[in-house]
Amino acid sequence: MSYQFNTLDDFKLNNQTIILRVDINSPVDPNTGMILDDNRMKVHKKTLKELSLKGAKTVILAHQSRPGKEDFTTLEQHAQVLSKILNQKVIYVEDIFGYAARKAISTLKKGEILLLENVRFYSEEVLKREVTPQFETHLIHKLAPLADLFVNDAFAAAHRSQPSLIGFTFELPSAAGRVMEKEFKVLSSAVENVKRPCVYILGGVKADDSINIMQNVLENGSADHVLTTGLIANIFLQAAKIEIGKSNKKFIIKKGYEDYFKVAQNLLRKFKDKIVIPSDVAIYKDGERVDVPVDKINDHPIYDLGIESIKEYAQIIRKSSTIFANGPAGVFEYPDFSIGTDDILNAIATSSGFSIIGGGHLGAAAIQMGFDEKIDHISIAGGACINLLAGERLPAIEALERSSQKK
Ligand code: 3PG
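Keep in mind it's a predicted model, so treat the numbers as computed, not measured. (Residues numbered from 1 in each chain as written. Predicted model: local features only at pLDDT ≥ 70, side-chain atom pairs only at ≥ 80, totals over all residues. Heavy atoms only, no water.)

Undergrad: It is not clear to me how the layout of surface pockets should be interpreted in this structure. Could you clarify?
TA: The calculated volume of the second largest pocket comes to roughly 240 Å³. Lining the second largest pocket are Pro 27, Leu 36, Asp 37, Asn 39, Phe 332, Glu 333, Gly 360, His 361, Ala 364, Ala 365, Ile 367 and Gln 368. Looking at the lining of the second largest pocket residue by residue, the class counts come to six nonpolar, four polar and two charged. (1 Å grid on protein atoms, 1.4 Å probe; cavity = no way out; pocket = protein on both sides within 12 Å on 5 of 7 lines; lining within 4 Å. Points joined across faces, edges and corners; volume = space filled by probe spheres on them. Nonpolar A, V, L, I, M, F, W, Y, C, P; charged D, E, K, R; others polar.)

Undergrad: Sorry, what's going on with the site of the ligand here?
TA: Within the structure, the ligand sits among Asp 23, Asn 25, Arg 40, His 63, Arg 66, Arg 120, Ala 156, Arg 160 and Lys 206. One of the side-chain nitrogen or oxygen atoms of His 63 is found 2.9 Å away from an oxygen atom of the ligand. A distance of 2.7 Å is found between an oxygen atom of the ligand and a side-chain nitrogen or oxygen belonging to Arg 66. Within the complex, the protein chains bury 93% of what would otherwise be the 310 Å² of accessible surface of the ligand. For the shell around the ligand, the class distribution of residues is one nonpolar, two polar and six charged. (Near = heavy atom within 4 Å. Polar contact = N/O pair within 3.5 Å; in protein donor to acceptor, adjacent residues only side chain to side chain. Areas by Shrake-Rupley, 256 points an atom, 1.4 Å probe, with all protein chains shown as cover.)

Undergrad: What's the story with the pattern of salt bridges in this structure? I'm lost.
TA: Close approach of charged atoms allows side chains with opposite charge to pair. Under the criterion given, the structure shown has 17 salt bridges. Two residues, Glu 50 and Arg 178, come together in a salt bridge whose shortest N-O distance is 2.8 Å. Placement of the pair is Glu 50 in helix H2 (residues 45–53) and Arg 178 in helix H8 (residues 178–192), with a sequence separation of 128 residues. Like Glu 50, the residue Arg 178 is buried in the burial classification. Its salt-bridge partner being Glu 243, residue Lys 249 comes within 2.9 Å of it at the nearest N-O pair. Classification of Lys 249 as partly exposed rests on a relative accessible area of 25%. Each member of the salt-bridge network shares a partner with another, and the members are Asp 9, Glu 50, Lys 54, Arg 178 and Glu 181. (Salt bridge = Lys/Arg side-chain N within 4 Å of Asp/Glu carboxyl O. Helix = DSSP H or I, 4+ residues; strand = E, 2+ residues; numbered from the N terminus. Buried < 20%, exposed > 50% of the residue type's maximum accessible area, 1.4 Å probe, protein only.)

What is shown is where atoms sit, not what they do.
See the structure below:
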């Protein structure tokens, strides 16, 4: 797999107005509205500082969550957190491409950084469309004429074909930022050098991405095992005709993943020997963790893998030469239910195989546990990382590549 795109080294930055797309989509506490983890913002510091120190006028575009979700919110707080991380004021305007945004862009001085509002507040950003019309949008029409260069550093969103990620590449010279550049280099080299056996550990709550990936890696033969955890495991348990109970099913349906029961059933039929589903789970019962075999879930919420499953998964991980993991194994925010996530991370960190983990939450947990040195690469991305590892081409990277060929 080879992509060729421009980087910051290919352009003059001094006194240039640069539209910089980053991914600072962060977990937000549902009760207080406070940002819980600023790791993604810290990671973009390298690109932001370089642009600022080289005299660019930087206009940041970013998203937070998706319409309809609890944490779909303004970027005002992100500007404050970024200002602290950069030790430099990040100007924030509550506008995306209207008069206020355009005025703020045109009055930016060399080295200054401006953050515009959550780009997904604007409906054209989240319309499902093909790549080509992504530049036929108000965002691009209004902002591209004000800029000299588009820099895409949002590796974590590179699997999305959305105007702010793709559209500017049709209208402006474009380059990858430092995060995009590094992640792509590390991950594509990992894909080219996979040693067998190779295990994928797929968890978290974004079941759509994970199940699509699972389908790819099983069908193209690149996975020897796929260990299911988190919501993915629940979908597969139900698909295997193990009754997970009304509340667990309701949660899956509420997330919009009902159709994936059928997909999971087909995958189980075809790849029974490679897909591993839990034999026991931890449920939340009478205010505490209780480990039960999967035929005893009744109607209790499943919050983690069970102890026996954790042991079985750890054994497979330790015997693997390549380990790709994405998403936590359970509701790891509650200490009683973090055992699955912690023990799987521990198995990855102590295994001799080459390991990459993705997904903001799993990455943050690995860093918190002090495993950053023991895991070969902790990607800032979830879906984008695992898509790339599965051999998928990422639309935002393809767009950068197309743009670089124009030069
Ligand atoms: C992520 O957190 O994976 C990226 O920011 C993409 O978010 P999305 O899945 O809502 O498009």
